Amino acid sequence: MNNPQPPAPTRSRPAIEVDVVMRREPVSGPMSRWQPFRWVLADVLLRGSPDETGPEDEEHDHEPQAVEPVDAVTGDTDTTTHWLFPRFRVSLFRDDAEGYFLNLNSPNPCFWVFWRADEARLLDGEPMAVPQIVTLSYHDAGRWLDAQERVDQVPAAPEVVDWLRGFVDVTYQPEPKRRQRPESFKPLTDRFGQPVRISTDKQRGGGRPAGQ
């Protein structure tokens, strides 16, 4: 009797893992009276190749840790701090190929990070900026911005751009352009925009009424 074979593993979506670095920096000028610090996206760091990415059901807590930047930003002070949130999964979806195509064809292909101020995580008594989702989709970023969410972007590394382009080349199918309606088929209107009625009845007798 043959032993039953285990089911073939389900093919997961293409994905990479990244670390998100947020920067907390002092605010200068009159605005500092009401907001002494602000949070901005500092970087998105690739953790490894797509082949090294774990399964989709693997969970991570993204616990932040203070880090020192490799290259100090001009104007950094002792009060500027950097916080790394590890292991965010960036998956690619076939039905959003157009969103990736639009990103690739922008002047600077980038990562977008949707983040929120977390009242449960305080730094000096103020909420920390906590990343929620990382994406390479132009459509995702647009939806978040339309919803008035906080979204920042940073350029994607060349190897990420190449990986994304390989996916788009295989999955993106531009929609065929609709045929333009010929000008002769456009409705005629008078000077006030009202439709013009054209009679096709032919007048007889040279166009002059009988009896004249």
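Residues numbered from 1 in each chain as written. Predicted model: local features only at pLDDT ≥ 70, side-chain atom pairs only at ≥ 80, totals over all residues. Heavy atoms only, no water.

A.B. asks: Can you explain the sheet that holds strand β1 (residues 15-26)? Please cite residues and give values.
C.D. replies: Strand order in the open sheet formed by four strands is β2-β1-β4-β3, and the pairing between neighbours is antiparallel. Either end of the sheet is taken by a strand with one partner, and the two such strands are β2 (37-46) and β3 (65-67). Direction aside, neighbouring strands of the sheet carry axes that sit 40° apart on average. Across three bridges, the pairing between β3 and strand β4 (residues 81-91) is antiparallel. (Pairing = 2+ DSSP bridges. Helix = DSSP H or I, 4+ residues; strand = E, 2+ residues; numbered from the N terminus. Axes fitted to C-alpha atoms, helices over the stretch in contact; angles between N-to-C directions.)

A.B. asks: Could you give an account of the nonpolar core, naming the residues involved and the relevant values?
C.D. replies: If you look at the biggest cluster of nonpolar residues, it comprises 33 residues, and the most contacted ones within it are Val18, Met22, Trp39, Val44, Phe111, Val134 and Leu136. Contributing elements (two or more residues each) for this core: β1, β2, β4, α1 (97-104), β5 (110-123), β6 (126-135) and α3 (158-171). With residues up to four places along the chain from it excluded, the contact list for Val134 reads Val18, Val20, Val44, Phe88, Arg89, Val90, Phe111, Trp112 and Val113. The next biggest cluster of nonpolar side chains, apart from the first, holds six residues, and it includes Cys110, Trp112, Trp144 and Val151. (Core = buried A, V, L, I, M, F, W, Y, C linked by side-chain atoms within 4.5 Å. Buried < 20%, exposed > 50% of the residue type's maximum accessible area, 1.4 Å probe, protein only. Contact = heavy atoms within 4.5 Å.)

Everything listed is a geometric property; what it means functionally is a separate question.
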